[in-house]
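Here is what each chain is made of, one letter per residue.
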Amino acid sequence: MRKYGWIIIVALLVAGCNGTAPQRPSQRKGEAPKADSTAIALMEMNQQLAQAADEQLHHLALQQEDPYALYERGVWAYVVEKGDTDQPVLAGEECLLHMTVFSLAGKRYLDSDLTARIGKYELPAAVDENITEWNHGAKVRMFAPWYAAYGIKGTDYIPPYENVIIELNIR
């Protein structure tokens with residue numbers, strides 16, 4: 001009798017699942033995943049802020065006497081001095097820089113010498129992703145949108161969502 005009891009239990013379990021394994025919620029068919037409305041709202045807000053930053057920096061670049069050019073990540077830059085060498089900055093290279101960061105209103109946030117490996121995101125993306133366009137010895141002035149500079153968190157000395165002016169001396 002015991003033997004038949006186990007067979008009946010196993011048969012009921014198999015019949016109850018219709019012969020299929022239980023599915024995780026992400027594998028269920030016919031149901032759309034529930035959207036996280038807060039995450040969607042934040043994403044839309046950040047997209048609007050990024051678009052506003054792009055428009056503001058484009059307008060600022062057009063107002064300048066110097067010919068600013070658009071680079072990766074919405075960065076507008078002007079090469080003040082091409083430098084005294086023909087050696088381009090290479091990805092992976094350790095580079096000595098002098099970087100000064102200002103608000104668009106002219107408030108100085110940072111003024112320091114630093115050493116960084118290019119392409120290792122030790123610098124703001126605005127610098128890290130564009131520096132290989134220039135040579136050693138170059139001086140560059142750039143307008144960087146918040147999303148390519150110090151982002152939504154900022155730093156101890158730079159506020160979040162801050163569009164900045166970066167003056168860079170590549171040594």
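Preceding this paragraph is the structure being described.
Every value quoted in this text rests on a predicted model; they were computed, and no experiment measured them.

Definitions and limits used
- Residues numbered from 1 in each chain as written.
- Predicted model: local features only at pLDDT ≥ 70, side-chain atom pairs only at ≥ 80, totals over all residues.
- Heavy atoms only, no water.
- Core = buried A, V, L, I, M, F, W, Y, C linked by side-chain atoms within 4.5 Å.
- Buried < 20%, exposed > 50% of the residue type's maximum accessible area, 1.4 Å probe, protein only.
- Helix = DSSP H or I, 4+ residues; strand = E, 2+ residues; numbered from the N terminus.
- Contact = heavy atoms within 4.5 Å.
- Pairing = 2+ DSSP bridges.
- Lys, Arg positive; Asp, Glu negative; His and termini not counted.
- Salt bridge = Lys/Arg side-chain N within 4 Å of Asp/Glu carboxyl O.
- Polar contact = N/O pair within 3.5 Å; in protein donor to acceptor, adjacent residues only side chain to side chain.

**A short note on the nonpolar core**
Argument step 1. Core analysis: the biggest nonpolar cluster contains 28 residues, and Val101, Ile131, Met142 and Ile170 have the highest contact counts within it.
Argument step 2. Every element with two or more residues in this core is listed here: strand S3 (94–103), strand S4 (108–117), helix H3 (125–128), strand S5 (139–144) and strand S6 (164–170).
Argument step 3. Among all residues touching Val101, those that are not within four sequence positions of it are Lys107, Arg108, Tyr109, Leu110, Tyr150, Ile158, Val164, Ile165 and Ile166.
Argument step 4. Judged by nonpolar contacts, the second largest core, of nine residues, contains Leu57, Leu60, Ala61 and Ile165.

**Concerning the pairing of S4**
Within a regular strand, side chains alternate between the sheet's two faces.
Argument step 1. Across nine bridges, S3 lies against S4 in antiparallel orientation. Counterpart to Phe102 in the pairing with S4 is Arg108.
Argument step 2. Connecting S3 to the antiparallel partner S4 that follows it, the hairpin turn spans four residues, and Gly106 within it adopts a positive phi of roughly 100 degrees.

**A look at the side chain of Glu162**
Argument step 1. As for its placement among the helices and strands, Glu162 is situated in the loop between S5 and S6.
Argument step 2. This buried residue, Glu162, is left without a salt bridge; Lys107 holds the nearest opposite charge, at 8.1 Å.
Argument step 3. A polar contact is formed between the side chain of Glu162 and the side chain of Tyr109, at a distance of 3.0 Å.

**Some details on the pattern of salt bridges**
One side chain can pair with another of opposite charge once the charged atoms of both are near each other.
Argument step 1. Inspection of every chain in the model, using the stated rule, returns five salt bridges.
Argument step 2. Linking Lys139 and Glu81 is a salt bridge whose minimum nitrogen-to-oxygen distance equals 3.8 Å. In this pair, Lys139 is assigned in strand S5 and Glu81 in strand S2 (residues 76–81), connecting sequence segments 58 residues apart.
Argument step 3. Judged by relative accessible area, which is 32%, Lys139 ranks as partly exposed.
Argument step 4. Its relative accessible area of 41% is what places Glu81 among the partly exposed residues.
Argument step 5. Measuring nitrogen to oxygen at the nearest pair gives 2.7 Å for the salt bridge that ties Asp111 to Arg108.

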